[in-house]
Amino acid sequence: MSALVLLLLAPLFTGSLKWLKARLQNRVGPDPLYDYKNLFKLWRKSWIRPQGSSPLFLMAPVVGLLGVAIAAAFLPVLPGISFAGDFLLLVYLLNLGRFFQVLAALDTGSAFGGQGSYRESLVAVLTEPGTVLALGAAGLASGSLSLAHFAPLAQQNALVYILALVALSLALLAEGARMPVDDPTTHLELTMIHEAQLLDHSGPLLALYELSAGMKLLVYVGLIALLLPFGRLSFPAALLLAWLGLGYLETYGVKLRYLRLPDLMSYSTLTGILAVLGVVLRFRI
């Protein structure tokens, strides 16, 4: 059920985000439902397979969407729905789609595909430690590594949860290909990271990639919501905060140079380490 909710909500979130950024720039902008229309348009078009590519080129978008959908199904976004496994499986499922996406981009033999794959892999290496450490700290503070038993921000562990939220927020920017890590609206191939891998995809294949990217963004919003102290309103509150934060950040912020990304993502790892130390050393705030 959680996967279905995020599947239906993802185009609305990304489409309304484009509308918000346009309004902040004093433009009319696209309809908030634009991404639904765009996905429908792409689905009706034909796809093109580059000469010399293997069946992996066709498999990657499907595997990517399935991996994110299964990860979303494990996320206890809706009340009464729980997941008995630990959070590491969810992290692996999210990275499954990236792995196949990188292979598909390399499979085409495109120069930009290879460049985007290298950069995407580096971003993943920089982001994953902070994500795992932040979720691990929240799990240790809650007494369980199961997402269903994560406790919200508590007064006695406030510092731990705040550090974990910072790490996950930076991970959301990197994993969602948002500013200042990546520019989702750029058309300059030399600055692309995520989009550079999709230049050879079209039609339904591109629609699957766009849908899985939107769902992955919402999965990270759901992970942040698990740590917020708003009860059943945590996920809507996290959605609203992410919507406003991304809108303002991508309107008034700038994209970092590629060589500066390790500096930014080091803060995610650092806050994750500090969160784990806060639990291990039993800091009480």
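Residues numbered from 1 in each chain as written. Predicted model: local features only at pLDDT ≥ 70, side-chain atom pairs only at ≥ 80, totals over all residues. Heavy atoms only, no water.

Novice: Mind showing me how you'd approach the overall build of the protein here?
Specialist: The number of helices and strands found in the protein is nine helices and zero strands. Of the regular secondary structure in the protein, the N- to C-terminal order runs α-α-α-α-α-α-α-α-α. At 19 Å, the protein has a C-alpha radius of gyration in line with the 19 Å of a compact globule built from 285 residues. Seen through its principal axes, the protein has C-alpha atoms that stretch 60 × 35 × 35 Å. (Helix = DSSP H or I, 4+ residues; strand = E, 2+ residues; numbered from the N terminus. Rg over C-alpha atoms; globule rule 2.2 N^0.38 Å.)

Novice: What's the story with the packing of aromatic side chains in this structure? I'm lost.
Specialist: Two measures describe an aromatic ring pair: the distance that separates the ring centres and the angle between the ring planes. This model, assessed by the stated rule, comprises three aromatic pairs. An angle of 90° between the planes, with centres 5.7 Å apart, marks the rings of F99 and F100 as edge-to-face. Over the ring of Y258 we find R119; its NZ or CZ atom is 4.7 Å from the centre of that ring. (Phe/Tyr/Trp six-rings, centres within 6.5 Å; stacked < 30°, edge-to-face > 60°. Lys NZ or Arg CZ within 6 Å of the ring centre and 35° of its normal.)

Novice: I tried to follow the packing of helix 5 (residues 111-142) against helix 6 (residues 158-175) on my own but got confused; where do I start?
Specialist: Axis angle and axis distance: for two packed helices, these are the angle between their axes and the distance between the axes, and together they describe the pair. Direction vectors running N to C along helix 5 and helix 6 enclose 150°, while the axes themselves pass 9 Å from each other. Judged by the angle between their axes, helix 5 and helix 6 are roughly antiparallel. At the point where helix 5 passes helix 6, the crossing takes the left-handed sense. Of the residues in helix 6, those in contact with V123, T127, G130, T131, A134, L135, A137, A138, A141 and S142 of helix 5 are V160, Y161, A164, A167, L168, A171, A174 and E175. A per-class count over the contact of helix 5 with helix 6 returns 13 nonpolar, four polar and one charged. (Axes fitted to C-alpha atoms, helices over the stretch in contact; angles between N-to-C directions. Parallel < 35°, antiparallel > 145°, perpendicular 65-115°, else oblique. Left-handed = near helix turned anticlockwise from the far one by under 90°. Contact = heavy atoms within 4.5 Å. Nonpolar A, V, L, I, M, F, W, Y, C, P; charged D, E, K, R; others polar.)

Novice: It is not clear to me how the pattern of salt bridges should be interpreted in this structure. Could you clarify?
Specialist: Scanning the entire structure with this criterion turns up eight salt bridges. Among the salt bridges present, the one from D35 reaches K18, with a minimum N-O distance of 2.9 Å. Of this pair, D35 sits in helix 2 (residues 34-44) while K18 sits in helix 1 (residues 2-24), and the two are 17 residues apart along the sequence. Overall, the relative accessible area of 34% leaves K18 in the partly exposed class. Notably, a salt bridge pairs E250 with K21, separated by 2.6 Å at the nearest N-O pair. Of the two residues, E250 sits in helix 8 (residues 234-252) while K21 sits in helix 1, which places them 229 residues apart along the sequence. (Salt bridge = Lys/Arg side-chain N within 4 Å of Asp/Glu carboxyl O. Buried < 20%, exposed > 50% of the residue type's maximum accessible area, 1.4 Å probe, protein only.)

Novice: What is the right way to read the environment of A111 from this model?
Specialist: Within the secondary structure, A111 sits in helix 5. In the structure, A111 is positioned 85 residues away from A196 in sequence and 9.4 Å away in space, judged by C-alpha atoms.

Novice: What should I look at first to understand helix 4 (residues 87-107) in this one?
Specialist: Along an α-helix, residues three or four apart share an orientation, since each turn contains 3.6 residues. Between its first and last C-alpha atoms helix 4 spans 31 Å; for 21 residues at 1.5 Å apiece the expected length is 30 Å, and the two agree. Downstream of helix 4 by one or two residues, G109 has phi in the positive range, about 80°. (Expected span 1.5 Å × (residues − 1).)

Novice: Explain helix 3 (residues 56-74) here, please?
Specialist: Over its 19 residues, helix 3 extends 26 Å from the first C-alpha to the last, a length consistent with the 27 Å expected when each residue adds 1.5 Å. Listing the buried residues of helix 3 in full gives L56, F57, A60, P61, V63, G64, L65, G67, V68, A71 and A72. Those residues of helix 3 that are buried are in contact with helix 1, helix 4 and helix 7 (203-225).

Novice: Explain the environment of A148 to me, please; I cannot follow it from the model alone.
Specialist: Within the secondary structure, A148 sits in the loop between helix 5 and helix 6. A relative accessible area of 29% means that A148 is categorised as partly exposed. The spacing of A148 and V77 is 71 residues in sequence and 9.2 Å in space, taken between C-alpha atoms.

Novice: What is the right way to read a nonpolar patch on the surface from this model?
Specialist: Judged by side-chain polarity, L140, L145, Y267, L270, I273, L274, L277, V280 and L281 come together as a nonpolar surface patch covering roughly 820 Å² of accessible area. Broken down by element, the residue count for the nonpolar patch peaks at six residues, all from helix 9 (residues 261-280). Note on placement: L145 falls in the loop between helix 5 and helix 6. Judged by its relative accessible area of 41%, L145 falls in the partly exposed class. (Patch = residues over 30% accessible without salt bridge, like charges linked within 9 Å, V, L, I, M, F, W, Y side chains within 5 Å. Areas by Shrake-Rupley, 256 points an atom, 1.4 Å probe, with all protein chains shown as cover.)

Novice: How should the side chain of N95 be read in this particular structure?
Specialist: Positionally, N95 belongs in helix 4. Given the relative accessible area of 17%, N95 is considered buried. Of the polar contacts made by the side chain of N95, one reaches the backbone oxygen of V91; its length is 3.0 Å. What N95 contacts, discounting residues up to four positions off in sequence, is E128 and E175. (Polar contact = N/O pair within 3.5 Å; in protein donor to acceptor, adjacent residues only side chain to side chain.)

Novice: Just checking my understanding: could you explain the packing of helix 3 against helix 4 for this structure?
Specialist: Orientation of helix 3 relative to helix 4, taken along the N-to-C sense of each, is 165°, at an axis distance of 8 Å. Regarding the angle of helix 3 to helix 4, the classification is roughly antiparallel. At the point where helix 3 passes helix 4, the crossing takes the left-handed sense. Within the contact between the two elements, helix 3 uses L56, F57, A60, V63, G64, G67, V68, I70, A71 and F74 and helix 4 uses L89, L90, L93, L94, L96, G97, F100, Q101, L103, A104 and D107.

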